[in-house]
Structures are given as structure tokens and as C-alpha cells.
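The chain contents come next:
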Amino acid sequence: MATPSHFFALLALTFFSLALAIGNNPLQDFCVADPNMLVNGFACKDPKLVDANDFFFSGLHLAGNTSNTVGSIITPVTVTELPGLNALGICLGRIDFAPKGIQPPHTPSCHRNQGFVHYQRNGGYGSAAAIAALPSQNPGINFLPNTIFGAVPEISSDVLAKAFQLDKKVVMDLQKKF
Ligand SMILES: *[C@@H]1O[C@H](CO)[C@@H](O)[C@H](O)[C@H]1NC(C)=O
């Protein structure tokens, strides 16, 4: 026979499974990041202190400076630049390319194709720009040349020479660059 305590236990169980089922949905309308309180992500700023600027970013219309060795630059719009993105699981970036510029091979750690290696190249004669949207509020991006040749502590040049089938001197030259 169902007693009141059974009934409440059942009710609690039902709410628990409901909570599991909708676990990925935001629990609040907004949770503006408080950069001074880092938990897993950012804690919410006091709603009374939230203002329109927390949801505003200006700068995506401006080309980044591509005068660097790879000829590309990322202008990120993550939770760091736009605190209102906190807990929403999205971000944007503008990538500018000089002619022949590249985005070095990389593995975006938040990408759905996690584990895949990506690279981009501007094959044209003029500058180019791209907008990338990523399913994370704070994506990591691992540029492989930096990760491999600039590793700290460094990966033994013997190991890299064998792995890439390169002369050890070439490997040591590469390690100096990253
Ligand atoms: C772009 O970056 C280069 C290299 O750091 C620098 O010399 C140059 O002044 C910068 N250009 C602009 C417009 O900021």
C-alpha cells in the first residue's frame, strides 16, 4: 500500500529523473561571469550588478594584425571578453589571414570533431577573414608545432627525429623556434 512517505519518495525520484533529463539546459536566464570567482567555469555575478555591457562586445569588424610568422591572427570572443557568455557553452572568433597566411595545424579541444587535426590556409592574393563559432564558452586551441616542438619539459630531440624522420639538427633548430 502506498503510504505518504512512499509517495514522497516516488515524487523525489520523479523530480530527480526530470532533473537528469534536463540537466544540460541552463538553470537561469543569465549568469554573467564574475572573473574574480573561478569554479568550474565562472560563478555568477550578482544580478543587481549586471548591466548591458556584460552582453556586449565590439571589435569583430576590425581586422587583426597578421604581421607574424604564420600570417594569421585570432580575435576571440569567449567568456573572457564577453562575460554574458558564461554557462551558455558558445563562443565566436574572427580569424584574419594575410595572403598565403595559415592557421597552423591544431586540435580545437572543444570541437565536436575532437581529435581531428585542422588547418586553414589563405590560398588567395588578398587578405581574408573567417568567423568561427565553437560549442564552448572558453575553447582551448592546441597548435601542434608549438605543442610538439615547444613542449615544456621538452621532448627529446632523438624521439622527435625518429618520429618525424628528420635529422636531429633540424629538430633542434625547430625546437629553438617554438
Ligand atoms: C602589426 O604587428 C607588427 C609586428 O608585431 C608591428 O610591427 C606593427 O606595427 C603592427 N601593425 C599595426 C597596424 O599595429
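Note that the structure is predicted; figures quoted are calculated from it, not measured.

Peer 1: Where do I start with the state of the cysteines in this structure?
Peer 2: Disulfide: a covalent bond formed between the sulfur atoms of two cysteine residues. Within this structure, the stated rule accounts for one disulfide. Between the sulfur atoms of Cys31 and its disulfide partner Cys44 the distance amounts to 2.2 Å. On the S-S bond that ties Cys31 to Cys44, the torsion sits near -105°, and the link is left-handed. Taken together, the residues span a long stretch of sequence, with Cys31 in the loop between helix H1 (4-21) and strand E1 (33-39) and Cys44 in strand E2 (residues 41-44) at a distance of 13 residues.

Peer 1: Which parts of the structure should I look at to understand the sheet that holds strand E3 (residues 72-77)?
Peer 2: Strand pairing in a sheet relies on backbone hydrogen bonds, with the paired strands running either antiparallel or parallel. Pairing is antiparallel in the open sheet, where three strands are placed in the order E3-E4-E7. Bordering the open sheet on either side are E3 and strand E7 (128-134), each of which pairs with just one other strand. Each neighbouring strand pair of the sheet contributes to a mean axis angle of 20°, computed without reference to strand direction. Across seven bridges, the pairing between strand E4 (residues 91-97) and E7 is antiparallel. The residue of E7 that forms the bridge with Asp96 is Ala129.

Parameters and conventions
Residues numbered from 1 in each chain as written. Predicted model: local features only at pLDDT ≥ 70, side-chain atom pairs only at ≥ 80, totals over all residues. Heavy atoms only, no water. Disulfide = S-S within 2.5 Å. Helix = DSSP H or I, 4+ residues; strand = E, 2+ residues; numbered from the N terminus. Pairing = 2+ DSSP bridges. Axes fitted to C-alpha atoms, helices over the stretch in contact; angles between N-to-C directions.

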